[in-house]
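Chain by chain, the residues:
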Amino acid sequence: MKQRMKWLMVLAAALLGIAAIAPSQAAARADEERSASVARERSNFNADWRFHLGDAPGAREPGYDDADWQSVGLPHSFGIPYFQASQFYTGYGWYRKQLTVPGAWRGRRIFLEFEGAFQDAEIFVNGNPVGRHRGGYTGFSVDVTAAVRTGENSIAVRVNNLWGPTLAPRAGEHVFQGGIYRDVWLVTTDPVHVAWYGTKVTTPELSERSGRVAIDTEVRNDGTRPVTLSVRTDIHDPADKIVATMNGGAERLAAGGIATVSQRSGPIIAPALWSPETPVLYKAVTTVIANGRPVDRYETDFGFRWFEWTADRGFFLNGKHRYFKGANVHQDQAGWGDAVSNRAMERDVQMMKDAGFDFIRGSHYPHDPHFAGATDRIGMLFWSETPFWGIGGFGADGTWMASAYPVDPKHRPGFEDSVKQQLTEMIRITRNHPSVIVWSMSNEPFFSAGEVMPEVRRFLKELVALSHQLDPTRPAAIGGAQRGEIDKLGDIAGYNGDGSALFPDPGIPNVVSEHGSPMFDRPGPYEAPWGDLVNTPGAAKGVEYSWRLPWRSGEAVWAGFDHGSIVGRRFGSMGVVDYSRLPKRSYYWFRNAYRGIAPPQWPEAGKPAGLRLTSSSPVIERADGTDDVHLVVTVVDAHGRALSNSPPVTLSIESGPGELPTGRTIRFAPDSDIPIRDGQAAITMRSWQSGKSILRVSSPGLKDATLTIETTGGPAFVPGVTPLAPDRPYAEARRTDAEFMYFPDAIFGQDNPTGASSSASGHSSRLVNDGDPGTWWMAGEGDDAPWVSISPEKILQFRRLEITFPQPGNYRFVAEVEDQNGLWVAVADQSATADTAQTRTIDVKHVIGSRLRVRIEAPAGAPAGVADIRIVGAM
């Protein structure tokens, strides 16, 4: 019996692709791995930077005096503290830091790995330029070996966030703060090593019963002599047990050469499959051996899963149909802007998961690599997007309100190279994450000048082909494809807004990539923002979820969180969670509908007696910019019940380490940019030293609350010695009528979402703003009160309308604007006009709002419709 068990164990090992390992061999392998791991060292490089806002001639030089610069840590943004203002600084910023190189590093390669700097970064070591990267959303690695010396070295980084005609994105409805706003890592290796993000893992021949692992490993020889190279890869299961081993044959690698070693495992029986419900990860551990000596050890997390997008049956994960439900997520948060910690990213992903969602669209650019790691570990399908991005109401070059694709031919080659570079980097950085199920080429690139739309279509096809070349295992999507005849240029169509109603059963795999767009501050209504989903042809009126038809793969609400916007705070406040990461009531609606968790009791007004202060964790585990805690202030009565009363509140770090985006103190007030609403306020705190921090929150007439947060990593905080975080005062962003951004030649509303009381066949409401007066919207038969609407997707001060009817005649109409309180206000009344002109230009009442509706009365015998509407206004 014992002999039979022994043979069964050997057989099982063979089936798993593992050679039987004797104890002596196992010990030798452990020694080998330890040796190789020592050869690669990776350490956080976020702390102890000096920062200057503005250009600083001579700052690249080692002897430059930066004593009066700010002391900052990374991630860092030019705009800290930031609270959803539409205005932000554009220009230069400098960062400087010292690097001590020990003598033991002689003969090694030394790299600085940046996860993101917005958006043009120049790196200098000891005054010498060592690298430059253009593109604000993708990481890059800089080899500084030749520029450093043993001992002290000066690192200087010059960053600018200036708009550029050849740099993507040229436009976008977000904010574009400059800075080194993601982590930086110091990496040292042997001259023979795995390249930056140099592994590519796939899982061919995968089923529930078995699968294989295929891995391509890019190895560089940055040494001066050729080597004999071999590569071994061990596959570790979620319990860290080795389930497969692949040995690469020896080959000669010349000095300065690059080799890609391809390996393929034997069958792995019954692999644990990754899904949102079972987010299990495997690990490929690659050992590089040069001249018989282990010189590098590189780890790659991956997962076993397969998926299928279909045009008629929807989306399938691991062979099972799945209609996914999710949210669009921007990266920025209250106070810190884009410069958020890894822990904050994890909380964002977890919040979306806790709502019952299983899908995130990374709006509208490549997100931090840690974000994709969080979607892997927490279990969320992830749509990763390239920053080819448009915005409605675009105008001339010079700001992020430009045509998405360049109008000037001389800018086109450089712009296309920029997009392709960032697509290539996004795929290289993110390709091994099982949560990523699609690469998106764009968001609403049809917001380009009409004369360049043929070039837009040609370029999108090129991006799709490049995506297929870089990663044949995932489809390429066209995100925001509801205008411009671009939806069928890729493998997947993502329809935003009214696209959900305009493209029924389009004959291509598709998803509603944005729905809802409700503009509410917290708490907001307890309802789901379905938007035009309910108008999907084939859906039963008034029957919830009836739009989830077999040909549709899923849907994503706009948006998961409030965000910064160049068109104003209100327009950036469409999330189901607010900017400070407190849920609105719509979040609780989704959580109740999808997870069966009843909403909390809503706070009511009462007699405030005190404050409560809570945190996401009692501990900050890493004092290096990757960790933080989320702090929540709640107004309570004498019995500890939460109230909706919202008095001004001050939160301070009384003692110990830590910083808030405003320094050591932050003040919340109702109706301010740093708000307390519905009885609550929130902010995050990070720390750069270990020790206990005492926090206090106070408000006149109320009992204070205190909280202790302990930071366990980093150098010790020494009272009276360790410098405290300086004050960073915040100036409220207020805008007068004279400060509105008015573009006299800009046409708002073209190609933006539309709606109508009804539409006749072949006369969709989308024709009312397609720029072609030869096409028109027409109301359906029997519609006694026809109207058509346009959402410019901005908060505008409406100033002038140009309305073209299908033909000359005595068309009468009333134009109304939905104001900031959700009320319809008449801005032009021609209900009694005798005018018969086909095109009317009307100066309108200067109402601030977000949507235009035109109610019409057609002359006898004329079609009840509108051919074209143009809006002129100020943002």
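Residues numbered from 1 in each chain as written. Predicted model: local features only at pLDDT ≥ 70, side-chain atom pairs only at ≥ 80, totals over all residues. Heavy atoms only, no water.

Section: the packing of aromatic side chains
- Summed over the entire model, instances satisfying the criterion amount to 50 aromatic pairs.
- With a centroid separation of 5.6 Å and 45 degrees between ring planes, the pair formed by F590 and Y594 is classed as tilted. Of this pair, F590 and Y594 are both found in helix 8 (residues 585–595), four residues apart, which corresponds to roughly one turn of the helix.
- Here F590 falls in the buried class, since its relative accessible area comes to 1%.
- Judged by relative accessible area, which is 19%, Y594 ranks as buried.
- The ring of F45 is capped by K97, whose NZ or CZ atom sits 4.5 Å from the centre of that ring.
- Between the NZ or CZ atom of R581 and the centre of the ring of F561, over which it lies, the distance is 4.1 Å. (Phe/Tyr/Trp six-rings, centres within 6.5 Å; stacked < 30°, edge-to-face > 60°. Helix = DSSP H or I, 4+ residues; strand = E, 2+ residues; numbered from the N terminus. Buried < 20%, exposed > 50% of the residue type's maximum accessible area, 1.4 Å probe, protein only. Lys NZ or Arg CZ within 6 Å of the ring centre and 35° of its normal.)

Quick look at the sheet that holds strand 35 (residues 649–655)
- Within the open sheet, the five strands sit side by side as 33-39-38-35-36. Their pairing is mixed. Either end of the sheet is taken by a strand with one partner, and the two such strands are strand 33 (619–620) and strand 36 (665–668).
- Where strand 33 meets strand 39 (residues 705–711), two bridges bridge the pair, whose relative direction is parallel. Looking across to strand 39, one finds that I620 is bridged to T711. (Pairing = 2+ DSSP bridges.)

A short note on the pattern of salt bridges
- Per the counting criterion, the structure on display carries 54 salt bridges.
- A salt bridge links D408 to K410; the shortest N-O distance between them is 2.5 Å.
- Overall, D408 belongs to the partly exposed group, its relative accessible area being 27%.
- The class for K410 is exposed, based on a relative accessible area of 63%. (Salt bridge = Lys/Arg side-chain N within 4 Å of Asp/Glu carboxyl O.)

Some thoughts on the sheet that holds strand 21 (residues 307–310)
- The strand order across the open sheet formed by three strands is 21-22-23, and the pairing between neighbours is antiparallel. Lying at the two open borders of the sheet, with one neighbouring strand each, are strand 21 and strand 23 (320–321).
- Sheet analysis places strand 21 next to strand 22 (residues 314–317), joined by four bridges and oriented antiparallel. The partner of T310 across the bridge, within strand 22, is G314.

A word on helix 3 (residues 342–354)
- In this model, helix 3 (13 residues) spans 18 Å end to end at C-alpha, consistent with the 18 Å of a helix rising 1.5 Å per residue.
- For helix 3, every residue scored as buried is listed here: N342, A344, M345, E346, R347, D348, V349, M351 and M352.
- Buried-residue contacts for helix 3 involve strand 24 (324–329), strand 25 (359–362), helix 4 (369–378), helix 8, strand 34 (629–636) and strand 37 (680–685).
- G356, located one to two residues past helix 3, shows a positive phi value of around 100 degrees. (Expected span 1.5 Å × (residues − 1). Contact = heavy atoms within 4.5 Å.)

As for the nonpolar core
- Among the nonpolar cores identified, the biggest contains 61 residues, and M352, F357, F388, M441 and L460 are the most heavily contacted of them.
- Elements that contribute at least two residues to this core include exactly strand 24, helix 3, helix 4, helix 5 (412–430), strand 27 (436–440), helix 6 (453–470), strand 28 (476–479) and helix 8.
- Beyond its immediate sequence surroundings of up to four residues, M441 is in contact with T386, F388, L423, L460, L463, V464, S467, A476, A477 and I478.
- Counting 55 residues, the second-largest nonpolar core is a separate cluster that includes F88, I391, V629 and L631. (Core = buried A, V, L, I, M, F, W, Y, C linked by side-chain atoms within 4.5 Å.)

Here we look at the environment of P445
- Inspection of the secondary structure puts P445 in the loop between strand 27 and helix 6.
- Note: C-alpha distance between P445 and L460 (15 residues apart in sequence) is 9.1 Å.

Considering unusual backbone geometry
- For the peptide bond that leads from I80 to P81, omega is 0 degrees, which places it in the cis range.
- Residue Q119 follows F118 across a cis peptide bond; omega there is -10 degrees.
- Along the chain, Q119 turns up in the loop between strand 5 (109–114) and strand 6 (120–125).
- Although it is not a glycine, N126 adopts a positive phi angle of roughly 50 degrees.
- Along the chain, N126 turns up in the loop between strand 6 and strand 7 (128–134).
- Judged by relative accessible area, N126 falls into the buried class, the value being 10%.
- Backbone geometry places D240, a non-glycine residue, at a positive phi of 70 degrees.
- Relative to the assigned elements, D240 resides in the loop between strand 14 (227–236) and strand 15 (242–247).

Here's the deal with the confidence of the model for the protein
- Put simply, the protein has an average pLDDT of 92, and 93% of its residues get 70 or more.
- Across residues 735–745, where pLDDT falls below 50, the model places 27 contacts with residues more than four positions away in sequence or in other chains. (pLDDT = per-residue confidence, 0-100.)

Section: the environment of W530
- Here W530 lies in the loop between strand 30 (510–516) and strand 31 (552–558).
- Placed 25 residues apart in sequence, W530 and E555 show a C-alpha to C-alpha distance of 9.8 Å.
- Not counting the four nearest positions on each side in its chain, W530 is found in contact with H515, G516, E544, Y545, W547, R548, E555, W589, F590 and Y594.

Some points on the packing of helix 3 against helix 8
- At their nearest, the axes of helix 3 and helix 8 sit 9 Å apart, and the two run at 55 degrees to each other. Relative to helix 8, the element helix 3 is oriented oblique. Residue-level inspection shows M351, M352, K353 and D354 of helix 3 in contact with helix 8, the latter providing Y587, R591 and R595.
- Looking at the contact of helix 3 with helix 8 residue by residue, the class counts come to three nonpolar, no polar and four charged. (Axes fitted to C-alpha atoms, helices over the stretch in contact; angles between N-to-C directions. Parallel < 35°, antiparallel > 145°, perpendicular 65-115°, else oblique. Nonpolar A, V, L, I, M, F, W, Y, C, P; charged D, E, K, R; others polar.)

Details of the pairing of strand 5
- The buried fraction of strand 5 amounts to six of the six residues, a majority that puts the element mostly inside the structure.
- Covered by surrounding structure in strand 5 are R109, F111 and E113 together with I110, L112 and F114, the residues of both alternating faces.
- Examined bridge by bridge, strand 5 and strand 10 (residues 184–189) share six bridges and lie antiparallel to one another. Looking across to strand 10, one finds that L112 is bridged to L186.
- Examined bridge by bridge, strand 5 and strand 8 (residues 140–143) share four bridges and lie antiparallel to one another. Within the sheet, the bridge partner assigned to F114 lies in strand 8 and is F140.

Thoughts on the packing of helix 5 against helix 6
- Their axes nearest at 11 Å, the elements helix 5 and helix 6 cross at an angle of 30 degrees. The angle between helix 5 and helix 6 falls in the class roughly parallel. The element helix 5 and its partner helix 6 pack so that their crossing is right-handed. Contact residues: helix 5 offers R412, F415, E416, V419, K420, L423, T424 and I427, while helix 6 offers E455, R458, F459, E462, L463, L466, S467 and L470.
- Partitioning the contact of helix 5 with helix 6 into residue classes produces eight nonpolar, two polar and six charged. (Left-handed = near helix turned anticlockwise from the far one by under 90°.)

A word on helix 4
- Most of helix 4 sits out of view: eight of its 10 residues are buried.
- At its buried positions, helix 4 is contacted by strand 11 (192–202), strand 24, helix 3, strand 25, strand 26 (381–385) and helix 5.

Structural notes on the side chain of T684
- Tracing the chain through its elements places T684 in strand 37.
- T684 gets classed as buried once you look at its relative accessible area, which sits at 4%.
- Of the polar contacts made by the side chain of T684, one reaches the side chain of W336; its length is 2.7 Å.
- Every residue in contact with T684, bar those within four places of it in the chain, is listed here: W336, R347, D628, V629, H630, E659, L660 and P661. (Polar contact = N/O pair within 3.5 Å; in protein donor to acceptor, adjacent residues only side chain to side chain.)

What about the pairing of strand 15?
- Bridge count for strand 14 against strand 15 is five bridges, and the pairing is antiparallel. Across the sheet, residue T233 finds its bridge partner in strand 15, namely M246.
- Once strand 14 ends, the chain turns through five residues before running back antiparallel as strand 15, passing D240 with a positive phi of about 70 degrees.

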